[in-house]
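Fold and geometry: a report
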Amino acid sequence: MLGRLNHVAIAVPDLAAATATYRDTLGAKVSQPQALAEHGVTVVFVDLGNTKVELLEPLGETSPIAGFLAKNPSGGMHHICYEVDDIIAARDRLAGEGARVLGDGEPKTGAHGKPVLFLHPKDFVGTLVELEQA
Ligand SMILES: CC[C@@H](C(=O)O)C(=O)SCCNC(=O)CCNC(=O)[C@H](O)C(C)(C)COP(=O)(O)OP(=O)(O)OC[C@H]1O[C@@H](n2cnc3c(N)ncnc32)[C@H](O)[C@@H]1OP(=O)(O)O
Ligand SMILES: [Co+2]
């Protein structure tokens, strides 16, 4: 089922500061910010060649990462995103095996313009898993 590692996501309290850390201190190539109101976050991507790091900060009053940042005020690793060939087939198989698919179960369009879904961290060894249609 799982394909490539698409990105590792780090939730941050200040996206501009985190961008400067990756761009200036670590010398990385960082994209322009994308405000994704439907997801309640603003993100940038650090291009590493073989995969990406997604830096994300809350956007709006109901951001799904607000709780995480309240517990981790300096920021921290938030989720991991794997590519799948068929996100609907993956969802149906996982739900059939009792895994919790977050939200209403229907994929949303992610930062790369592809369908994405999230799986509950408690079902995947304490790790929030994002699936993205390859
Ligand atoms: C940019 C678009 C897209 C992309 O294309 O890449 C994105 O990445 S959008 C990213 C932001 N969107 C999401 O994260 C959507 C999915 N997330 C959620 O629905 C919620 O964050 C959550 C996973 C249901 C957690 O909700 P929250 O209110 O923060 O906490 P709870 O109290 O309900 O958490 C239950 C339980 O899970 C633990 N938890 C919470 N977040 C994480 C996490 N990131 N990693 C691991 N564990 C997490 C939390 O600590 C609770 O555990 P206990 O305290 O032991 O009960
Ligand atoms: Co993501």
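Read on for an overview of the structure. Please read these numbers as outputs of a predicted model, since none were measured by experiment. (Residues numbered from 1 in each chain as written. Chains lettered and ligands numbered in written order. Predicted model: local features only at pLDDT ≥ 70, side-chain atom pairs only at ≥ 80, totals over all residues. Heavy atoms only, no water.)

So, the overall build of the protein
- Counting its secondary structure elements, the protein contains three helices and nine strands.
- The N-to-C order of helical and strand elements in the protein reads β-α-β-β-β-β-α-β-α-β-β-β.
- Taking 2.2 N^0.38 as the reference for a compact globule, 134 residues should give roughly 14 Å; the C-alpha atoms of the protein span a radius of gyration of 15 Å, in line with that estimate.
- Considered along the principal axes of its C-alpha atoms, the protein spans approximately 45 × 30 × 25 Å.
- Here the protein holds 134 residues, and 40% of them are scored as buried. (Helix = DSSP H or I, 4+ residues; strand = E, 2+ residues; numbered from the N terminus. Rg over C-alpha atoms; globule rule 2.2 N^0.38 Å. Buried < 20%, exposed > 50% of the residue type's maximum accessible area, 1.4 Å probe, protein only.)

Points about the coordination of the cobalt ion (ligand 2)
- Taken together, His-7 (NE2), Glu-54 (OE), His-79 (NE2) and Glu-130 (OE) make up the protein donors of the cobalt ion (ligand 2), found 2.1 to 2.5 Å from the metal.
- One way to put it: the six donor atoms around the cobalt ion (ligand 2) meet at angles of 75 to 168 degrees, and that makes the site octahedral. (Donors = N, O, S within 2.8 Å, 3.2 Å for Na, K, Ca; no water. Tetrahedral: all angles 85-135°; square planar, octahedral: opposite > 155°, others 65-115°.)

A closer look at helix H1 (residues 15-25)
- When H1 is considered as a whole, its buried residues turn out to be Leu-15, Ala-18 and Thr-19. Down the axis, H1 shows its buried residues gathered within 100 degrees of arc, on one side only. Of the residues in H1, the exposed ones pointing more than 90 degrees away from the buried face are Ala-16 and Thr-25.
- Here the buried face of H1 lies against strand S2 (29-30), strand S4 (41-47) and strand S5 (52-58).
- Near the N-terminus of H1, the side chain that reaches the backbone nitrogen of Ala-16, with its oxygen 3.0 Å away, is that of Asp-14.
- Gly-27 lies just past H1 and shows a positive phi near 65 degrees. (Arc of directions from axis to C-beta. Contact = heavy atoms within 4.5 Å. Polar contact = N/O pair within 3.5 Å; in protein donor to acceptor, adjacent residues only side chain to side chain.)

With respect to the pattern of salt bridges
- All chains considered together, the criterion is met by seven salt bridges.
- The partner of Arg-23 in a salt bridge is Asp-24, and the shortest N-O contact between them spans 2.9 Å.
- The exposure class of Arg-23 is partly exposed, given its relative accessible area of 43%.
- Here the salt bridges share partners, and the residues they tie into one network are Arg-91, Asp-92 and Glu-106. (Salt bridge = Lys/Arg side-chain N within 4 Å of Asp/Glu carboxyl O.)

Here we look at the environment of Lys-108
- Structurally, the position occupied by Lys-108 is in strand S7 (residues 108-109).
- The class for Lys-108 is partly exposed, based on a relative accessible area of 36%.
- In contact with Lys-108, not counting residues within four places along its chain, are Glu-38, His-39, Lys-114, Pro-115 and Val-116.
- Within the structure, Lys-108 has its side chain in polar contact with the backbone oxygen of Glu-38 (distance 3.1 Å).

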